Amino acid sequence: MLQQDHEQEPIYIIESKKRCVELGRDPNKPTRSPKNIMSESKLSKKERRL
């Protein structure tokens, strides 16, 4: 379940890991970052301005 070295972690991290387990997620696995929804054309226009 949770790692045994949790005494050294701040309480908010411990609570966050507990919540992950409650939600059925692995608390030691990072979540995916959000996908960039900027369109290719907007991205190229932005790059040209720089």
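Everything discussed here concerns the structure shown above.
Just so it is clear, the model here is predicted, and its values are computed rather than measured.

*Asks:* Give a detailed account of the overall build of the protein chain, specifying residues and quantitative values.
*Replies:* Within the protein chain one finds two helices and zero strands. Among the 50 residues that make up the protein chain, the fraction classed as buried is 6%. For the protein chain, the accessible area works out to roughly 5200 Å², and carbon and sulfur atoms hold 53% of it.

*Asks:* Break down the pattern of salt bridges for me, citing the residues and quoting the values.
*Replies:* Enumeration according to the criterion identifies three salt bridges in this entry. Residue glutamate 9 pairs with lysine 17 through a salt bridge whose shortest N-O separation is 2.9 Å. Classification of lysine 17 as buried rests on a relative accessible area of 13%. When the shortest N-O distance is used, the salt bridge between glutamate 22 and arginine 19 registers 3.2 Å. Note that glutamate 22 and arginine 19 are positioned in helix 1 (residues 11–22) at a spacing of three residues, about one turn of the helix. The class of glutamate 22 is exposed, set by a relative accessible area of 58%. Here arginine 19 falls in the partly exposed class, since its relative accessible area comes to 46%.

*Asks:* Pulling in residues and values, what's your account of helix 1?
*Replies:* Helix length check: helix 1, at 12 residues, gives a terminal C-alpha distance of 17 Å against a target of 16 Å (1.5 Å per residue), a fit within 8%. A positive phi of about 80 degrees marks glycine 24, the residue just after helix 1.

*Asks:* Can you lay out a positive patch on the surface for me, pointing to particular residues and giving the numbers?
*Replies:* Together, Lys42, Lys45, Lys46, Arg48 and Arg49 line one region of the surface with positive charge. Tracing the backbone through its elements, the reader meets arginine 49 in helix 2 (residues 40–49). Arginine 49 sits in the exposed class, given a relative accessible area of 69%.

Conventions adopted
Residues numbered from 1 in each chain as written. Predicted model: local features only at pLDDT ≥ 70, side-chain atom pairs only at ≥ 80, totals over all residues. Heavy atoms only, no water. Helix = DSSP H or I, 4+ residues; strand = E, 2+ residues; numbered from the N terminus. Buried < 20%, exposed > 50% of the residue type's maximum accessible area, 1.4 Å probe, protein only. Areas by Shrake-Rupley, 256 points an atom, 1.4 Å probe, with all protein chains shown as cover. Salt bridge = Lys/Arg side-chain N within 4 Å of Asp/Glu carboxyl O. Expected span 1.5 Å × (residues − 1). Patch = residues over 30% accessible without salt bridge, like charges linked within 9 Å, V, L, I, M, F, W, Y side chains within 5 Å. Lys, Arg positive; Asp, Glu negative; His and termini not counted. Charge placed at Lys NZ, Arg CZ, Asp CG, Glu CD.

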